[in-house]
Amino acid sequence: MCGIVGAIAQRNITPILLEGLRRLEYRGYDSAGVAVIAAGKGIQRVRAAGKVIELENSLDALPANGHLGIAHTRWATHGKPAEHNAHPHVSHGLAVVHNGIIENHAPLRKRLKDLGYVFTSETDTEVVAHLLAHHYAENNELLAALRATLAEIHGAYALAVIHEDQPETLYCSRMGSPLVVGEGSEERYIASDPLALLQVTDCFRYLEEGDYARLTMNTCEIWDRNHQVVDRPIKRYEHSAHSLDKGEYRHFMLKEIFEQPLAISETLASTLGNDHVLTALLGPDAETRLADVANIHIVACGTSYHAGLVARYWIEAQAGIPCQVEVASEYRYRTVVVPANTLLITISQSGETADTLAALRYSKNQGYLSSLAICNVAGSSLVREADWRLLTHAGPEIGVASTKAFTTQLVALLWLTTALVQVRNGITEQVTNNVRALRSLPDVIAQALTLEPRITLLAERFANKHHALFLGRGTHYPIAMEGALKLKEISYIHAEAYAAGELKHGPLALVDEDMPVVSVAPSDSLLEKLKSNLEEVRARGGQLITFACETIEQTDDANHETIGLPWVEECISPILYTIPLQLLSYHVALVKGTDVDKPRNLAKSVTVE
Ligand code: G6P
């Protein structure tokens, strides 16, 4: 979604804002803008449609320097991506940037128009700018104007405000969208994500829902939603072994695919004993709390939802606990039946996805035993609001298409399944098997990554294709879904996934020589059944690409190519088989020439509904 950066310092803050925007560009990137104030000068605003580089070009032509400023990278929700809709929005000497959605923007817009305010954009944000100006005109007090404005707007927002009457003060607020305050030496910053500010600080205050703040170079005052002064403690950002640039890689996505052995090792660090899992990771009373779980509901979006679908197979088969999985955007708006002792699990890379967060909040009054967030960002809203947390340590994921976050989520979910088995049945063969398999993952994934040259060649076959089918069975059906999603996201080829047994109930009608069919066929208990499904494709001239265990007999011909993967325990096979599908979609996207890390219309972190 949109990204916000702001700064106040003695030096010129424009370079800090621009670097922050570059680092936030993964959240949204259809336009960008800055507004800065230098002593004695009014607001200087520069905006540009397109990526941050376009804004940099505009700033080269029309420099804007100052000691106080706010900046924004936008992912359009209200009004098309165009310069006039780009933030900051201004009104009577003030400038505003906003991430989120103001739901009651239409009546507010009408009222403000009636009062004589002139709108120059179609955005909901401009309403906030004029409303602030309107309240400021009442008593010339910006904090009071901010309070009055916040009382009138409904929806989700992170806001930052500057006013030329106060060239030394930065105002901000959050409700439903993330915002942190960065602490420097006689400098203060704000951002939607600490990542945006790591070049200047690693000390952050995490604003809570409804908080608003007034920042100067030397002071930081924060009020909560009840207008009480509060202290949000400074926390040091934990740097990981993952660097924030592309290094030798052409794209973040490729770098992140290759980081998976490291990401998995870090996620597993200190979680495994010799032959069992260390349940204390979840807290001192974890054993009793896990033993009480009689049902599980998993809620997530996108790729994280696919991780939940795999986990359902594990949890029901291994722990014998009924488990259902649902996309958050559906879950949050329906009546759910919550059986006694049900654990709610939310899964999210960012921990800021609006639907997932809303689902967690909705669950609070539904009678759940407790909630557990599986998340990659320790300081995120989801983690802070859940009863329990299980962190993945994938490191920052910048590519919009999720890769290492997904496989580390699967690792966390298999670990959790094992913990559930262990607290019920003790250290069984199943438990030791899972532990051994989890330990072997970094190595087998490193082996799978060596398939890249072969997959590069395969990708060329997709150059002129418009559709593709992905097939899998059991735990590999959600992996086929994830493979199809990756291909759609970054190569714009329409791809659908089917449980292979469903092929004959419709999609087989689509199969001809123009339809590549990708199947995930590990040597598990369903292999023989899957083979019959694949014969149905071959018989119809379909172009079949099969990812299978290297030990099975291969029967390739002109229409069928098999790529062999190392043999692994069945429980970790869905994690392993994800890798070649990620590489395939990446290389198809290269062949198609798309913008791999920033695919059109998509955002990394969807913080609006
Ligand atoms: C967006 C991203 C996806 C991601 C989904 C859920 O759509 O483009 O890659 O899977 O959000 O994000 P989360 O951060 O909650 O896992």
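Residues numbered from 1 in each chain as written. Predicted model: local features only at pLDDT ≥ 70, side-chain atom pairs only at ≥ 80, totals over all residues. Heavy atoms only, no water.

Colleague: Break down the nonpolar core for me, citing the residues and quoting the values.
Modeller: One finds I296, F470 and F547 to be the most contacted residues of the largest nonpolar core, which totals 107 residues. For this core, the leading source of residues is helix α13 (residues 404-425), giving 12 residues. (Core = buried A, V, L, I, M, F, W, Y, C linked by side-chain atoms within 4.5 Å. Buried < 20%, exposed > 50% of the residue type's maximum accessible area, 1.4 Å probe, protein only. Helix = DSSP H or I, 4+ residues; strand = E, 2+ residues; numbered from the N terminus.)

Colleague: Can you lay out the packing of aromatic side chains for me, pointing to particular residues and giving the numbers?
Modeller: This model, assessed by the stated rule, comprises 4 aromatic pairs. Taken together, a centroid distance of 5.5 Å and an interplanar angle of 85° make the contact between Y331 and Y362 edge-to-face. One end of the pair, Y331, is in helix α10 (residues 328-331); the other, Y362, is in helix α11 (residues 354-363), with 31 residues separating them in the sequence. Of the residues examined, Y331 reaches a relative accessible area of 1% and is grouped as buried. With relative accessibility at 22%, the residue Y362 sits in the partly exposed group. (Phe/Tyr/Trp six-rings, centres within 6.5 Å; stacked < 30°, edge-to-face > 60°.)

Colleague: Tell me about the packing of helix α9 (residues 302-319) against α13, and please be specific about residues and values.
Modeller: Relative to each other, α9 and α13 sit at 25°, their axes nearing to 9 Å. Comparing the axis directions of α9 and α13 gives the class roughly parallel. α13 is crossed by α9, and the crossing has right-handed handedness. Contacts from T303, S304, H306, A307, G308, V310, A311, W314, I315, Q318 and A319 of α9 reach α13 at F406, Q409, L410, L413, L414, T417, L420, V421 and R424. A per-class count over the contact of α9 with α13 returns 12 nonpolar, 7 polar and 1 charged. (Axes fitted to C-alpha atoms, helices over the stretch in contact; angles between N-to-C directions. Parallel < 35°, antiparallel > 145°, perpendicular 65-115°, else oblique. Left-handed = near helix turned anticlockwise from the far one by under 90°. Contact = heavy atoms within 4.5 Å. Nonpolar A, V, L, I, M, F, W, Y, C, P; charged D, E, K, R; others polar.)

Colleague: Lay out the site of the ligand in plain terms, naming residues and giving numbers.
Modeller: Close to the ligand lie 14 residues, the nearest being S304, S348, Q349, S350 and T353. Taking T303, its main chain carries an N or O atom lying 3.0 Å from an oxygen atom of the ligand. In this structure, an oxygen atom belonging to the ligand sits 2.5 Å away from a side-chain N or O atom of T353. Among the elements that take part in the shell around the ligand, α9 stands out by supplying 3 residues, more than any other. Of the residues in the shell around the ligand, the class split is 4 nonpolar, 8 polar and 2 charged. (Near = heavy atom within 4 Å. Polar contact = N/O pair within 3.5 Å; in protein donor to acceptor, adjacent residues only side chain to side chain.)

Colleague: Report on the UniProt feature "domain: SIS" (unreviewed entry) in the protein, specifying residues and quantitative values.
Modeller: When the UniProt feature table is mapped to this numbering, "domain: SIS" (unreviewed entry) covers residues 286-426 and 458-599. Secondary structure content for residues 286-426 is 46% helix and 20% strand, and the end C-alpha separation is 14 Å. (UniProt positions renumbered as here; feature names shortened; annotations may be inferred.)

Colleague: Tell me about the pattern of salt bridges, and name the residues and values.
Modeller: A pair can form between side chains of opposite charge whenever their charged atoms are brought close. Scanning all chains against the criterion turns up 27 salt bridges. Of the charged contacts, one joins R111 and E152 as a salt bridge, the two residues approaching to 2.5 Å between their closest N and O atoms. Here R111, found in helix α3 (residues 105-114), pairs with E152, found in helix α5 (residues 142-152); they are 41 residues apart in sequence, far enough to count as distant. A salt bridge links E209 to R174; the shortest N-O distance between them is 2.8 Å. Taken together, the residues span a long stretch of sequence, with E209 in the loop between β11 (203-206) and β12 (212-215) and R174 in strand β8 (residues 170-175) at a distance of 35 residues. Residue class for E209 comes out buried when judged on its relative accessible area of 13%. Residues joined in a network through salt bridges with shared partners are E19, R22, R23 and E56. (Salt bridge = Lys/Arg side-chain N within 4 Å of Asp/Glu carboxyl O.)

Colleague: Account for the side chain of N434, naming residues and giving values.
Modeller: Looking at the secondary structure, you find N434 in helix α14 (residues 429-449). With relative accessibility at 0%, the residue N434 sits in the buried group. In this structure, N434 is in contact with Q318, L414, T418 and C571, ignoring residues within four places of it in sequence.

Colleague: Lay out α13 in plain terms, naming residues and giving numbers.
Modeller: In an α-helix, one full turn covers 3.6 residues, which means residues spaced three or four apart are oriented alike. The end-to-end C-alpha separation of α13 is 31 Å, in line with the 32 Å expected for 22 residues at 1.5 Å each. Among the 22 residues in α13, 20 count as buried, and that is most of the element. Phi turns positive, to about 85°, at G426, one or two residues after α13. (Expected span 1.5 Å × (residues − 1).)

Colleague: Can you break down the UniProt feature "active site" (unreviewed entry) in the protein residue by residue, with the values?
Modeller: Mapped onto this numbering, the UniProt entry annotates "active site" (unreviewed entry) at C2 and K604. A maximum C-alpha distance of 9.7 Å is found for the annotated residues, which run over 603 residues; spatially they form one tight group. Mapped onto the fold, C2 is located in the segment before β1 (3-8). With respect to the element layout, K604 can be found in the segment after α18 (573-592). Here K604 falls in the buried class, since its relative accessible area comes to 12%.

Colleague: Tell me about the pairing of strand β18 (residues 342-348), residues and numbers included.
Modeller: Of all 7 residues in β18, 7 are buried; the element is thus mostly enclosed. With 6 bridges connecting them, strand β16 (residues 295-300) and β18 associate as parallel partners. Within β18, the position partnered with N295 by the bridge is T342. For the handedness criterion, the β-α-β arrangement of β18, α11 and strand β19 (residues 370-375) is classed as right-handed. (Pairing = 2+ DSSP bridges. Right-handed = clockwise from strand over helix to strand, strands pointing away.)

Colleague: Tell me about the sheet that holds strand β20 (residues 388-391), and please be specific about residues and values.
Modeller: Pairing is parallel in the open sheet, where 5 strands are placed in the order β17-β16-β18-β19-β20. Taken across any chain shown, the strands that pair with only one partner, and hence form the sheet edges, are β17 (323-327) and β20. Strand-to-strand, the axes of this sheet are offset by a mean angle of 20°, without reference to chain direction. Note: β19 against β20, 4 bridges, orientation parallel. Across the sheet, the residue bridging to C375 is L391, located in β20. Here α13 sits on the sheet in contact with β16, β18, β19 and β20, set at roughly 160° to β18.

Colleague: Report on the sheet that holds β12, specifying residues and quantitative values.
Modeller: What holds strands together in a sheet is hydrogen bonding between their backbones, with the strands either parallel or antiparallel. Taken together, the 7 strands give an open sheet; going across it, the order is β5-β6-β7-β8-β12-β13-β14, and neighbouring strands pair in antiparallel fashion. Because the sheet does not close on itself, it has two edges, and the strands there are β5 (89-91) and β14 (229-230). Judged from the 4 bridges that link them, strand β7 (residues 155-163) and β8 form a sheet pairing that is antiparallel. Bridging across to β8, A160 finds its partner in C172. Helix α4 (residues 125-139) contacts β5, β6 (94-102) and β7 of the sheet and is inclined by roughly 130° relative to β6.

Colleague: Residue-level account of the pairing of strand β24 (residues 543-549), with values.
Modeller: Within β24, 7 of the 7 residues are buried, leaving the element largely enclosed by the surrounding structure. With 6 bridges joining them, strand β23 (residues 516-521) and β24 adopt parallel strand pairing. Paired with S519 across the bridge in β24 is T546. Pairing between β24 and strand β25 (residues 560-565): 6 bridges, direction parallel.

Colleague: Before we move on, could you go through the packing of α13 against α18 and cite the residues and values that matter?
Modeller: Two quantities define a packed helix pair, namely the angle between the axes and the distance from one axis to the other. Two elements in contact, α13 and α18, have axes separated by 10 Å at closest approach and are oriented at 175°. Judged by the angle between their axes, α13 and α18 are roughly antiparallel. From α13, F406, T407, L410 and V411 reach across to α18, where they touch I575, T578, I579 and Q582. Of the residues assigned to the contact of α13 with α18, the class counts are 5 nonpolar, 3 polar and no charged.

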